[in-house]
Amino acid sequence: MKKYFILALFIFIVISYIFYKKEDKNKELFASYYFWENSYKTEIKNEKLYIKVLDIYYSNQLEIIKTNFATKPPKEFIPVIYITNKTMQNINYKTLSQNILRALKSFDFNFNELQIDCDWSDSSRDNYFLFLNELKNSLNITFSSTIRLHQIKYFKKTGVPPVDYGVLMYYNMSNLGDFDTKNYILDNSEAKKYHYNFDKYPLRLKLALPLYSQAVQFRDKKAINLFENISSKDFKNENFIKIEENRYKTLSSHYFKGKYIYKDDIFRLEEPKEDELKTALKDFKELSKNSFNEVIFYTIKYKLKYNLEKILGE
């Protein structure tokens, strides 16, 4: 009798767990947004924002560019610090941490969470991870770090950043300058090449999806220019002809968006479609071992171009 009771209890626990996980993974999602301009001069209400507050570069010396806050940001916003890989390759983690702490103290706002955006490499990994520990210990707040797809597939080689959670940047997943790239911003078939080791990856993950568009200009199959905030409407005139799904050929030399382009130049338009974003979200939900209810879109600047309810809905 006791044996049957234990078996029944085990079955009940398993079924309850499966049901709970299914319910948890299907809970309603909400959208949050990155704000990535160099000046915050507008009031954005009723939205959760991740605002870039510092750009950190290295040329011959450390360069820190602060976002100008002409108006106060929302109380609950999360500051983001963008750091180039070259910076991490050249500046000691203690020096970098000290400079960042000084820069953060100069802002007139408080925060209890911070996100670091850095596409680290093998040569910068150790310095970057030491930097994260140093800064986290100094601030004693919640920390997150952006993660790329390849850093999950090869996490034993790339390492796992010492943060509270990661944000998977589900875009910019191929070679921008390669003429044969289909869509640099979002290509779900390309993304599937990296759908490995999600079950083993130790960090809890949130998802970031792209809400922006651009066009890459090619001449003799070499990338020579990048045009931002471009749509298919910009190519619907007598100066262009559509030659493939997202490619346009220039029929006559002329000025385009303030730059002179030549006859026979090829443009690859990269403009994520709503159904492609929905597929990316679906794939991530199936891959992710943790439940989540937030999708961060890059950026709020392009929010009105998309039906987010359609993307987030079942």
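Please read these numbers as outputs of a predicted model, since none were measured by experiment. (Residues numbered from 1 in each chain as written. Predicted model: local features only at pLDDT ≥ 70, side-chain atom pairs only at ≥ 80, totals over all residues. Heavy atoms only, no water.)

S.K.: What should I look at first to understand the pattern of salt bridges in this one?
M.R.: Where charged atoms from two side chains of opposite charge come close, those side chains can pair. Counted by the stated rule, this structure contains 20 salt bridges. Note that Lys157 is salt-bridged to Asp122, the shortest N-O span being 3.8 Å. Note that Lys157 is positioned in helix α6 (residues 155-158) and Asp122 in the loop between β7 (113-117) and α4 (125-139), a separation of 35 residues in sequence. Owing to a relative accessible area of 54%, Lys157 belongs among the exposed residues under this scheme. Linking Glu245 and Lys273 is a salt bridge whose minimum nitrogen-to-oxygen distance equals 3.9 Å. Remark: Lys273 occurs in the loop between β17 (266-270) and α8 (274-287) and Glu245 occurs in the loop between β13 (240-244) and β14 (247-250); sequence separation between them is 28 residues. You can call Glu245 exposed: its relative accessible area is 56%. Using a relative accessible area of 42% as the deciding quantity, one classes Lys273 as partly exposed. Shared partners join several salt bridges into a network, and the residues in it are Lys48, Lys206 and Glu294. (Salt bridge = Lys/Arg side-chain N within 4 Å of Asp/Glu carboxyl O. Helix = DSSP H or I, 4+ residues; strand = E, 2+ residues; numbered from the N terminus. Buried < 20%, exposed > 50% of the residue type's maximum accessible area, 1.4 Å probe, protein only.)

S.K.: How should the environment of Lys72 be read in this particular structure?
M.R.: One can find Lys72 in the loop between β5 (68-69) and β6 (78-83). Here the alpha-carbon distance between Lys72 and Thr42, two residues 30 residues apart in the chain, equals 8.5 Å. Filtering out sequence-adjacent residues up to four positions away, Lys72 remains in contact with Tyr40 and Asp108. (Contact = heavy atoms within 4.5 Å.)

S.K.: Is there a simple way to think about the packing of aromatic side chains in this case?
M.R.: What characterises a pair of aromatic rings is the spacing of the ring centres plus the angle enclosed by the ring planes. Summed over all chains, the structure comprises 35 aromatic pairs. Between Phe69 and Phe77 the ring centres are 6.4 Å apart and the planes differ by 50 degrees, which places this aromatic pair in the tilted class. A single burial state applies to Phe69 and to Phe77, both of which are buried. These aromatic residues form a ring-pair network of at least three members: Phe35, Tyr40, Phe69, Phe77, Phe107, Phe109 and Phe111. Sitting over the face of the ring of Phe179, Arg247 holds its NZ or CZ atom 4.7 Å from the ring centroid. Lying across the ring of Phe227, Lys259 places its NZ or CZ 5.1 Å from the centre. (Phe/Tyr/Trp six-rings, centres within 6.5 Å; stacked < 30°, edge-to-face > 60°. Lys NZ or Arg CZ within 6 Å of the ring centre and 35° of its normal.)

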